[in-house]
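# Close look at the chain arrangement
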Amino acid sequence: MLVPGKPANETVRLEVLHGLNLLDSAPEERFDRLTRLAKRLFNVPIALVTLVDKDRQWFKSCVGLDATETPRDVSFCGHAILQNDLLLVPDAREDVRFHDNPLVTGAPNIRFYAGYPLTVPNGNKMGTLCLIDTKPRELDDEERALLRDLAEMAEQELTAVQMASMDELTLLSNRRGFKQLAQHALDACARLERPATLLFFDLNDFKQINDLYGHAEGDSALKTFADVLRIAFRESDVVGRLGGDEFVALLTGSSHIETNAIMARLKEILEERNATLHRGYAIRFSVGQIEYDVKRHETVDRLLADADGAMYAHKQALKRC
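Everything numeric here is computed off the predicted structure, so don't read it as measured data.

Within the largest apolar cluster, 56 residues are counted, with the highest numbers of intra-cluster contacts made by Phe 42, Leu 147, Leu 158, Phe 178 and Leu 250. By size, the runner-up hydrophobic cluster in this structure holds 27 residues, among which are Phe 201, Ala 221, Ala 226 and Val 287.

If you want it as structure tokens, here you go:
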């Protein structure tokens, strides 16, 4: 087994890492969504966002593995941060660096590893976004590019830790955070020729809730609707609050049947909440639905504009009824 070396700028790198205040922090949806998406897109049992500390690698996000950290000297990610590009290990049993590594000879029985180093703007590498499989495999050029895109999303989240990319009231992504995540998701769908659907929600008569019951009750209604969205949509979907009473959800790789099933589930959950909370009002919404067209929707802004128009048309139709 080859123990990973240390970067030349190790002291500065660790200072930057500790300054992020992410080590031993609670799970965050912004990172967990990426590992869930990576696991799903690549069909691997384990996907991780790792941070390489002085003597350990700690998992900021982890799906498919019970551990929260491993020693740095047996870590694959310790090797990955020593280079600028993908570290690909098709079969760890055949690699002199890892063939007798305890993570290979024992649990979790690593065979395949692919990790991109996560670099912050000053050039320091904090850790990786990595995939692990218990059987040997390869990545083609398309898959390598997709993994790089997901790693870039993780890098954006690292550098945005101190920025406002999360809505404080609902704990969903705000407009900026949603647009960043959604653009990468759309790029992946375009590359893999997979469908995507954007749903644009607007709460009906929300101003009346504030006027009649007060802004605290209005905030409570917004949080209730956010909770309903969080429950109804899939873990890999991108959900956000654009501002005010406007919410959005981007569904990737979903058929019309799946989208309709999710909307039916959303309405069912919302009706249950309306019935059990015993308020003087019921939360209702209008929705605009737009299918992603790679030729028309070059950016998330264009897709949002079309969905906003569809939502407005739905709202006007309800008024005429």
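This part is about helix 7 (residues 206–213). Of the residues making up helix 7, those classed as buried are Phe 206, Ile 209 and Asn 210. Down the axis of helix 7, the sector holding all buried residues measures 95°, keeping them to one side. For helix 7, exposure combined with an orientation more than 90 degrees from the buried face picks out Lys 207, Asp 211 and Leu 212. Positive phi shows up at Gly 214, right after helix 7, with a value of about 100°.

This part takes up the sheet that holds strand 5 (residues 112–119). By way of backbone hydrogen bonds, the strands of a sheet pair with one another, either parallel or antiparallel. The strand order across the open sheet built from 6 strands is 3-2-1-6-5-4, with neighbouring strands paired in antiparallel fashion. Of all the strands in the sheet, just strand 3 (69–71) and strand 4 (87–89) have a single pairing partner and so form its edges. The mean inter-strand angle of the sheet, taken between neighbouring strand axes irrespective of direction, is 20°. Two strands pair when backbone bridges link them, and strand 5 and strand 6 (residues 125–133) are joined in this way by 8 bridges, in the antiparallel orientation. Considered in strand 6, the bridge of Tyr 113 is made with Ile 132. Packing of helix 5 (residues 141–159) onto the sheet brings it into contact with strand 1 (46–52), strand 4, strand 5 and strand 6, and relative to strand 5 it is tilted by some 40°.

In this structure the tally under the stated criterion is 25 salt bridges. Among the salt bridges present, the one from Glu 29 reaches Arg 33, with a minimum N-O distance of 3.8 Å. Highlighted residues: Glu 29 and Arg 33, both in helix 2 (residues 29–42), separated by 4 residues, approximately one helical turn. On the basis of relative accessibility, which here comes to 34%, the residue Glu 29 falls in the partly exposed class. On the basis of relative accessible area, Arg 33 is assigned to the buried category, the value being 8%. Asp 133 is the salt-bridge partner of Lys 135, the closest N and O atoms lying 3.5 Å from each other. Members of the salt-bridge network, linked through shared partners, are Asp 24, Asp 53, Arg 56 and Glu 69.

What follows covers helix 8 (residues 215–232). Three or four residues apart is the spacing at which side chains of an α-helix point the same way, because the helix has 3.6 residues per turn. Spanning 18 residues, helix 8 covers 26 Å between terminal C-alpha atoms, matching the ideal 26 Å at 1.5 Å per step. Buried within helix 8 are the following residues: Gly 218, Ala 221, Leu 222, Thr 224, Phe 225, Ala 226, Val 228, Leu 229 and Ala 232. Close packing links the buried residues of helix 8 with strand 7 (196–203), helix 7, strand 8 (238–243), strand 9 (246–252), helix 9 (256–277) and strand 10 (285–291).

Before going further, it helps to examine the side chain of Thr 35. For Thr 35, the location among the structural elements is in helix 2. At a separation of 3.0 Å, a polar atom in the side chain of Thr 35 contacts the main-chain carbonyl oxygen of Asp 32. Those residues in contact with Thr 35 that lie beyond four places of it in its chain are Ala 47, Leu 48, Val 49, Ser 61, Val 63 and Leu 129.

What follows covers the sheet that holds strand 8. With antiparallel pairing, 4 strands are arranged side by side in an open sheet as 8-9-7-10. With one partner strand each, in any of the chains shown, strand 8 and strand 10 form the two edges of the open sheet. Sheet twist, expressed as the mean angle between neighbouring strand axes with direction ignored, is 20°. Inspection of the sheet shows strand 7 paired to strand 9 by 7 bridges, in the antiparallel sense. What sits directly across from Leu 198, in strand 9, is Leu 250.

Conventions adopted
- Residues numbered from 1 in each chain as written.
- Predicted model: local features only at pLDDT ≥ 70, side-chain atom pairs only at ≥ 80, totals over all residues.
- Heavy atoms only, no water.
- Core = buried A, V, L, I, M, F, W, Y, C linked by side-chain atoms within 4.5 Å.
- Buried < 20%, exposed > 50% of the residue type's maximum accessible area, 1.4 Å probe, protein only.
- Helix = DSSP H or I, 4+ residues; strand = E, 2+ residues; numbered from the N terminus.
- Arc of directions from axis to C-beta.
- Pairing = 2+ DSSP bridges.
- Axes fitted to C-alpha atoms, helices over the stretch in contact; angles between N-to-C directions.
- Contact = heavy atoms within 4.5 Å.
- Salt bridge = Lys/Arg side-chain N within 4 Å of Asp/Glu carboxyl O.
- Expected span 1.5 Å × (residues − 1).
- Polar contact = N/O pair within 3.5 Å; in protein donor to acceptor, adjacent residues only side chain to side chain.

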